[in-house]
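So you can see what is in the structure, the chains are spelled out below.
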Amino acid sequence: MNADLDQSAAAAFRGYLEETGNAVFMTGAGISTESGIPDFRSPGGLYSDPANVNVFDIDSFLADPSIFYRFWARFLPVLEQARPNPAHRAIARLQDSRKVTVVTQNIDDLHQRAGSRTVWSVHGTVATSRCLKCGARTETAELLPVIRLGEVPRHSCGGVFKPEVTFFGEGLPELDWTNSQTAIQEAGLLCLVGTSLTVFPAAQLPAFRKPGGRLVIVNRDPTPFDSEADLVIRGSAGEVFGDWGNLP
Ligand code: NAD
């Protein structure tokens, strides 16, 4: 990274943060790669194995849930071992001096574990699972002995449990979606971190920002919103936020 560019970008970002009493951080899988959780689309990401391309597709799940649960048995330990990194922690610290809302596409719970108080999870949560036949809901932790074996967890009614994560082809959790829109509409600063902004409808959210609101993007690769941003910082989130550990 270019040290001069870093300094001027850091100064601009600090300025924007100082100006606003209300910031939203919208995050994607990229904020958690430095915690050891692969994203979808980076080299080495989950999609680099063709076998993974449909694991989060609802039609594939309904056709054969065993494919998902064999993947999940391997992926769960990765989620369980992950810890919040400097980017999650810096975003949590920022709420000490202003209103901060996190809108995340992630299902890894790392913002909550870093201490962020207001987190809207537009793609749901792994914490709970629901029976697809009768609708019974349970803590996913209750199902772990079966899931760890790579087997399909079933409710006593015979239905298959599915984690309450939003799969491709499913609607988004309504409360999280509505609250995300409202938070983005009201914020003076929207910062997008570690997201390719190619997964819809989540990728529509930045368009809800208010006229005159600032847009900052921290991402390793270009995104479709770069041309609209006040500031684009091309780098690793952990490095960017870690270097700037004492953001105002
Ligand atoms: P994506 O894989 O499409 O894009 C990730 C983006 O992050 C890329 O543009 C990449 O350049 C950037 N990136 C990767 N590492 C980075 C880093 N350390 N610092 C800065 N940028 C970095 O991910 P997406 O846009 O979030 O969309 C895919 C979907 O993946 C989301 O819906 C999410 O639910 C799901 N997902 C979540 C997790 C998780 O919970 N940690 C993991 C994998 C996938």
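Anything mentioned here points back to the structure above.
Read on for a plain summary of the structure. Please read these numbers as outputs of a predicted model, since none were measured by experiment.

## A short note on the overall build of the protein
Secondary structure assignment for the protein yields eight helices and nine strands. For the protein, whose C-alpha radius of gyration is 19 Å, the value lies close to the compact-globule estimate of 18 Å for 248 residues. For the protein, the spread of C-alpha atoms along the principal axes amounts to about 60 × 35 × 30 Å. Taking as baseline every contact in the protein between residues at least 6 positions apart, the subset at least 24 positions apart corresponds to 67%. When the accessible surface of the protein is summed, it comes to about 11400 Å², and 51% of that surface belongs to carbon and sulfur atoms. The averaged location of the 28 negative side-chain charges in the protein is 4 Å from the averaged location of its 22 positive side-chain charges.

## Remarks on helix α7 (residues 174–186)
Between the first and last C-alpha of α7 there are 18 Å, a value that for 13 residues agrees with the 18 Å anticipated at 1.5 Å per step. Among the residues of α7, those classed as buried are D176, W177, S180, Q181, A183 and I184. In a view along the axis of α7, the buried residues occupy a sector of 165°, so they form one face of it. For α7, the exposed residues lying more than 90 degrees away from the buried face are E174 and L175. Those residues of α7 hidden inside the fold are in contact with β1 (22–27), β2 (99–104), β3 (119–121) and β7 (189–193).

## Things to note about the sheet that holds β7
Taken in spatial order, the six strands line up as β3-β2-β1-β7-β8-β9 in an open sheet, and their pairing is parallel. Here the strands that pair on one side only, and so sit at the sheet edges, are β3 and β9 (231–234). The average angle at which neighbouring strand axes cross in this sheet is 15°, direction not considered. Note: β7 against strand β8 (residues 214–219), five bridges, orientation parallel. Considered in β8, the bridge of C191 is made with V216.

Thresholds applied
- Residues numbered from 1 in each chain as written.
- Predicted model: local features only at pLDDT ≥ 70, side-chain atom pairs only at ≥ 80, totals over all residues.
- Heavy atoms only, no water.
- Helix = DSSP H or I, 4+ residues; strand = E, 2+ residues; numbered from the N terminus.
- Rg over C-alpha atoms; globule rule 2.2 N^0.38 Å.
- Contact = heavy atoms within 4.5 Å.
- Areas by Shrake-Rupley, 256 points an atom, 1.4 Å probe, with all protein chains shown as cover.
- Lys, Arg positive; Asp, Glu negative; His and termini not counted.
- Charge placed at Lys NZ, Arg CZ, Asp CG, Glu CD.
- Expected span 1.5 Å × (residues − 1).
- Buried < 20%, exposed > 50% of the residue type's maximum accessible area, 1.4 Å probe, protein only.
- Arc of directions from axis to C-beta.
- Pairing = 2+ DSSP bridges.
- Axes fitted to C-alpha atoms, helices over the stretch in contact; angles between N-to-C directions.

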